Amino acid sequence: MNKNKVQVKIGGASYTIVTEDDPEYVEGLAETLNDEIRSICNANPTLSMTQAAVLVALDQTDACKKASASSDNLRAQIKDYLEDSARARMEVDVARREVERLNREISELREKLAGK
């Protein structure tokens, strides 16, 4: 895959990012990060850029862990739903075979009654 060199500016400092990701994606990440740092700095003017960056990193790490846990939970639910679905399909097959057996039995009994 192609390596892209992307120039971004975060917190007043320029960075060159080498990535396989789309440059617009990386620029969007940098813009989001820069906006969050700026917002924290505006709300807390006594914070240094480093302190603001650490707070943003902490917030993003928290969001990532919560999203990962939510994703794991959804995967577990989907697995349970798939197992329930498979079980229900098996029950439907068993019921269908029983219906067919009973229909054959009814037909045989009707034939016996008609033959009398």
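To start, this report covers the structure provided alongside it.

Each value, and the rule that gives it
- Residues numbered from 1 in each chain as written.
- Predicted model: local features only at pLDDT ≥ 70, side-chain atom pairs only at ≥ 80, totals over all residues.
- Heavy atoms only, no water.
- Salt bridge = Lys/Arg side-chain N within 4 Å of Asp/Glu carboxyl O.
- Helix = DSSP H or I, 4+ residues; strand = E, 2+ residues; numbered from the N terminus.
- Buried < 20%, exposed > 50% of the residue type's maximum accessible area, 1.4 Å probe, protein only.
- Polar contact = N/O pair within 3.5 Å; in protein donor to acceptor, adjacent residues only side chain to side chain.
- Contact = heavy atoms within 4.5 Å.

### Focus on the pattern of salt bridges
By the definition in use, this model includes 9 salt bridges. One salt bridge in this structure joins Asp-93 and Arg-96, with 3.3 Å as the shortest N-O distance. On the criterion of helical spacing, the pair formed by Asp-93 and Arg-96 is a turn pair, its members being 3 residues apart in helix 2 (residues 49–115). Since its relative accessible area comes to 45%, Arg-96 is described here as partly exposed. Linking Arg-101 and Glu-105 is a salt bridge whose minimum nitrogen-to-oxygen distance equals 2.9 Å. Of this pair, Arg-101 and Glu-105 are both found in helix 2, 4 residues apart, which corresponds to roughly one turn of the helix. Beyond isolated ion pairs, a larger network of salt bridges with shared partners links Glu-98, Arg-101 and Glu-105.

### Things to note about the side chain of Thr-19
As for its placement among the helices and strands, Thr-19 is situated in strand 2 (residues 13–19). At 2.9 Å, the side chain of Thr-19 forms a polar contact with the backbone nitrogen of Asp-21. Contact partners of Thr-19, with chain neighbours within four places excluded, come to Asn-2, Lys-3, Asn-4, Val-6 and Val-26.

No statement about biological role is implied by the geometric values presented.
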